[in-house]
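Single-letter residue listing:
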Amino acid sequence: MARRNRRAADGEPRPLFGGALSNVERGGRRWAVRRIAGSGATKIYRCPGCNQEIFPGTAHVVAWPTDDLGGGEERRHWHTACWNRG
């Protein structure tokens, strides 16, 4: 079953906890970017940059578009090196 993003009672996406949030522009889109420490990484994710797994305990980056074209449902977990290469 696909994962659903949970929303707060007012309909806004819940914020991600841990790590500093920054906003960057990349490829003509604005992205919210959060760096996740290895201690905060507890699940396995698949990096869209290299299509390899990000294992628990691995520091990585979470990014999602903040422009009108996307949102929290496009949130993806990236290896830090893959995100930096992009």
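My aim in this report is to walk through the structure given alongside it, one point at a time.

Cut-off values and rules
Residues numbered from 1 in each chain as written. Predicted model: local features only at pLDDT ≥ 70, side-chain atom pairs only at ≥ 80, totals over all residues. Heavy atoms only, no water. Pairing = 2+ DSSP bridges. Helix = DSSP H or I, 4+ residues; strand = E, 2+ residues; numbered from the N terminus. Axes fitted to C-alpha atoms, helices over the stretch in contact; angles between N-to-C directions. Contact = heavy atoms within 4.5 Å. Core = buried A, V, L, I, M, F, W, Y, C linked by side-chain atoms within 4.5 Å. Buried < 20%, exposed > 50% of the residue type's maximum accessible area, 1.4 Å probe, protein only. Salt bridge = Lys/Arg side-chain N within 4 Å of Asp/Glu carboxyl O.

1. Some remarks on the sheet that holds strand 2 (residues 29-36)
Strands belonging to one sheet form pairs held by backbone hydrogen bonds; the direction of such a pair is parallel or antiparallel.
Next up, step 1: The strand order across the open sheet formed by 4 strands is 1-2-5-6, and the pairing between neighbours is antiparallel. Sheet topology places strand 1 (21-26) and strand 6 (76-79) at the edges, where each strand pairs with a single neighbour. For this sheet, the mean inter-axis angle between neighbouring strands, taken without regard to orientation, is 35°.

2. A closer look at the environment of A59
Next up, step 1: As for its position among the elements, A59 is in the loop between strand 4 (53-54) and strand 5 (60-65).
Next up, step 2: Sequence-wise, A59 and W78 are 19 residues apart; in three dimensions their C-alpha atoms are separated by 9.5 Å.
Next up, step 3: With residues up to four places along the chain from it excluded, the contact list for A59 reads I36, A37, G38 and T80.

3. A look at unusual backbone geometry
Next up, step 1: Unlike most non-glycine residues, N51 shows phi in positive territory, near 60°.
Next up, step 2: Along the polypeptide, N51 turns up in the loop between strand 3 (45-46) and strand 4.

4. Observations regarding the nonpolar core
Next up, step 1: By size, the foremost hydrophobic cluster in this structure holds 9 residues: W31, V33, C47, I54, V61, A63, W78, C82 and W83.
Next up, step 2: Mapped by element, the contributors of at least two residues to this core are strand 2, strand 5 and helix 1 (80-85).
Next up, step 3: If near-sequence neighbours (up to four positions away) are discounted, A63 is found in contact with W31, A32, V33, E74, R75, R76, W78 and W83.
Next up, step 4: If you look at the next biggest cluster of nonpolar residues, it comprises 5 residues, including A32, I36, A41 and V62.

5. Digging into the environment of G49
Next up, step 1: Here G49 shows up in the loop between strand 3 and strand 4.
Next up, step 2: Separated by 30 residues in sequence, G49 and H79 have C-alpha atoms that sit 7.6 Å apart.
Next up, step 3: Setting aside residues up to four positions removed in sequence, G49 forms contacts with W78 and C82.

6. So, the pattern of salt bridges
Next up, step 1: Counted by the stated rule, this structure contains 3 salt bridges.
Next up, step 2: In this structure, the salt-bridge partner of E25 is R30, at a minimum N-O distance of 3.7 Å.
Next up, step 3: Accessibility expressed as a relative area gives 40% for R30, which makes it partly exposed.
Next up, step 4: E53 is paired through a salt bridge with R46; the nearest N and O atoms lie 3.5 Å apart.
Next up, step 5: Residue E53 is classed as partly exposed on the basis of its relative accessible area, which comes to 32%.

7. Some thoughts on the pairing of strand 5
Next up, step 1: Within strand 5, 6 of the 6 residues are buried, which leaves it mostly tucked inside the rest of the structure.
Next up, step 2: Here strand 5 shows no split at all, with H60, V62 and W64 on one side and V61, A63 and P65 on the other all buried.
Next up, step 3: In this structure, strand 2 lies alongside strand 5, joined through 6 bridges in antiparallel fashion. The residue bridging R34 from the neighbouring strand is V62, located in strand 5.
Next up, step 4: Taken together, the 4 bridges between strand 5 and strand 6 define a ladder with antiparallel strand orientation. Paired with H60 across the bridge in strand 6 is H79.

As far as function goes, none of this settles anything; it's purely spatial.
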